[in-house]
Amino acid sequence: MNRYVLDPTGERTLPERAPSPRPAALAGRRVGLLDISKPRGDVFLDRVEERLVADGATVRRYRKPTFSKPAPVDLRHEIATQCDLIIEALAD
Amino acid sequence: MNAPGLPDGLVVIVKEECATCRLVAPLLIDLAGSQPLAVYTQDDPTFPPGVDAVHDADLAVSWHHRVETVPTLLRVEGGREVERTVGWRRDHWRRMTGDDDLGADLPPMRPGCGSLSVDPDREDELRRRFEGSRLRSRRVELAAAEDEIEAMFDRGWTDGLPVVPPTEERVLRMLDGTTRAPDEVVATVPPDIVEVTVEKVAVAAVMAGCLPECLPWVLTALEAMCTDEFNIHGVLATTMPVGPVIVASGPGTRAIGMNSGVNAFGQGNRANLTIGRAVQLVVRNVGGGRPGEIDRATHGNPGKLSFCFAESLDSALGSLAVERGATPGADAVTVFAGEGPRCVVDQLSRTPESLIGSLAAALRTVHHPKLVVVFDAVLVVGPEHERVFAEAGWDRRRVVDGLHERLQCPGAEIVRGAGGIDEGMPASFADQTLPKFRPGGLLLTAAGGGAGLFSAIIGGWANGQTGSEPVTKEVSG
């Protein structure tokens, strides 16, 4: 007799999204820096910002309300509409 | 499969094997001559003799019309059952047939026999055949040479221990534990943000080894965990060693056999262990939260397999769930993002003042003696410690207030660098006094065996909006 079990997973079909093409240069690009609110993430991002500005990029800073939860949808939308590139900083 | 309809008039379901059915068989010949009568026979198609019976060979009629006893006599009007009696009850049969002389030579009453449709050897198969279409989960076929336990491991569906294979029969039986529909959405489970149905929770409950009566507790615990307040996403993802700790409250804990006594946190009690395990299997399999992936715990703790216990029903210190808003006497769960329990030993204190000093000293060390306010804790008072408070007339409020009073920390002792230890609170707190726990951050409950002057502490995780809030929810089936 055939034996069956029921699939315990969420049975999701994963949408596949290709990463955006890598830009040849940063000059003139809008780069978002997302601080996830871990201690000293800002120290790391301050230094990244210096380097990006030196390369001619425009930097915008964002911050999650708390590191422990996903970024709110409004923040994600804001970043997507205001930036060409995003760097997310995990630090402790 | 749709339920087969019944003809209007009288309907009798019998089996030859049953002595009571054989007793009433002669009556059916007379009744068939006087009014519309349909007879269904479960076993012998020629029974009852002299009656044109329908053979309910696949037991579809018996199953769908929930026949548990034979003979069952039904009256059907307009396609709907309006009256039923089981076994032989002369008064009932006379009323339903309108025949005041029916069975004059029979005894007034004879109990019936079990219907073949509820025969333990057949029930699971019938349930799968007739109710399997209620299920929506993908059916996964196992190869003939595949060991079913190993098959669960191979597909990545276990928590490291063997699980019970979730066959359709077992899942359908589990669903008997709830009145909710299988396709009802219970919660949205992080980290993959997947809606979990009652059916998928039942699958996990089977795998965890639950009995059906535990299912409402699993469903409710999941609802409590999958809230923004509890934040199971963060609890899962953190490097800290926390997982969902489930404190079960109310008389239902006793009804389903939970343990609030000897070895309450430990091995040996099926309900405690399987409820806690089932919710974690949902997080793993439905939510996609697996160790080494989204779960980044540095050490984790064994309670992440399952950490669920019942609080004492008759504690002098009252109930954690009631304190947190549950109706007294109601069944409820409180979910807390907690690490493993640790023991507080105090075998000498006989006054509440002395004992509370011990408990406060131990609570002071949760996660780090110099880190305050940001972590909650559950204090589980053991019965022998509880007695010290109860005999002195201390109630719950006095114990909690007394602990907070003794857990005020001078800033100078806990700032970074104090005591030669770099870890601690920021220097700006040096001139303040800070509480070890925020208001409401010390959760008091009672459990444990009757011998042993011990209590237990379960340290928490980042609290409040930043991390996780404990959530209490009344159990709904």
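Residues numbered from 1 in each chain as written. Chains lettered and ligands numbered in written order. Predicted model: local features only at pLDDT ≥ 70, side-chain atom pairs only at ≥ 80, totals over all residues.

Draft legend 1. A look at the sheet that holds strand 4 (residues 85-89) of chain A. All names here are of chain A. Spatially, the 3 strands line up as an open sheet ordered 3-2-4, and their pairing is parallel. The sheet terminates laterally at strand 3 (58-63) and strand 4, the two strands that pair on one side only. On average, each strand axis in the sheet is inclined to that of its neighbour by 20°, with strand direction left out of account. One ladder, built from 5 bridges, connects strand 2 (residues 30-35) with strand 4; its direction is parallel. For L33, the partnering residue across the bridge sits in strand 4 and is I87. Across the sheet, helix 1 (residues 41-54) touches strand 2, strand 3 and strand 4, and the angle it forms with strand 2 is around 170°. With respect to the sheet, helix 2 (residues 73-82) is in contact with strand 2, strand 3 and strand 4, its orientation differing from that of strand 2 by roughly 160°. (Pairing = 2+ DSSP bridges. Helix = DSSP H or I, 4+ residues; strand = E, 2+ residues; numbered from the N terminus. Axes fitted to C-alpha atoms, helices over the stretch in contact; angles between N-to-C directions. Contact = placed C-beta atoms within 7 Å.)

Draft legend 2. How the structure looks around the interface of chain B and chain A. Taken together, the contact pairs 31 residues of chain B with 15 residues of chain A. Counting residues per element, the ones that place at least two in the side of chain B that touches chain A are strand 10 (139-142), helix 6 (168-175), helix 7 (198-208) and helix 9 (232-237) of chain B. Partitioning the side of chain B that touches chain A into residue classes produces 13 nonpolar, 11 polar and 7 charged. Pairing of strand 1 (residues 3-6) of chain A with strand 10 of chain B involves 4 bridges; the strand directions are antiparallel. What sits directly across from V5 of chain A, in strand 10 of chain B, is V140 of chain B. (Nonpolar A, V, L, I, M, F, W, Y, C, P; charged D, E, K, R; others polar.)

Draft legend 3. Structural context of the domain arrangement of chain B. Residues and elements named next belong to chain B. According to the domain assignment, chain B consists of domain 1 (9-131) and domain 2 (168-474). Inter-centroid distance (C-alpha atoms) of domain 1 to domain 2 is 53 Å. Grouping the amino acids of the side of domain 1 that touches domain 2 by side-chain chemistry returns no nonpolar, no polar and 4 charged. (Domains from an automatic or database assignment.)

Draft legend 4. Spatial organisation of the sheet that holds strand 20 (residues 442-446) of chain B. Residue and element names in this part refer to chain B. Pairing is mixed across the open sheet formed by 4 strands, whose spatial order is 16-21-17-20. Every interior strand has two partners, whereas the edge strands, strand 16 (341-345) and strand 20, have only one. Here the average twist between neighbouring strands, direction ignored, is 25°. Note: strand 17 (residues 375-381) against strand 20, 5 bridges, orientation parallel. Within strand 20, the position partnered with V380 by the bridge is T445.

Draft legend 5. Looking closely at the pairing of strand 11 (residues 185-189) of chain B. Residues and elements named next belong to chain B. Where strand 11 lies against strand 12 (residues 194-197), 4 bridges are found, and the strand directions are antiparallel. The partner of V185 across the bridge, within strand 12, is T197. Here strand 11 folds back onto strand 12, and the loop between the two strands holds 4 residues, one of which, I193, carries a positive phi near 55°.

Draft legend 6. The packing of helix 8 (residues 215-225) of chain B against helix 11 (residues 270-285) of chain B, seen in detail. Residue and element names in this part refer to chain B. With their axes 9 Å apart at the nearest point, helix 8 and helix 11 run at an angle of 50° to one another. Of the possible angle classes, the one that applies to helix 8 and helix 11 is oblique. When the axes of helix 8 and helix 11 are compared, the crossing they make is right-handed. Two secondary-structure elements touch here, helix 8 through W217, V218, A221, L222 and M225 and helix 11 through I275, A278, V279 and V282. When its residues are assigned to classes, the contact of helix 8 with helix 11 shows 9 nonpolar, no polar and no charged. (Parallel < 35°, antiparallel > 145°, perpendicular 65-115°, else oblique. Left-handed = near helix turned anticlockwise from the far one by under 90°.)

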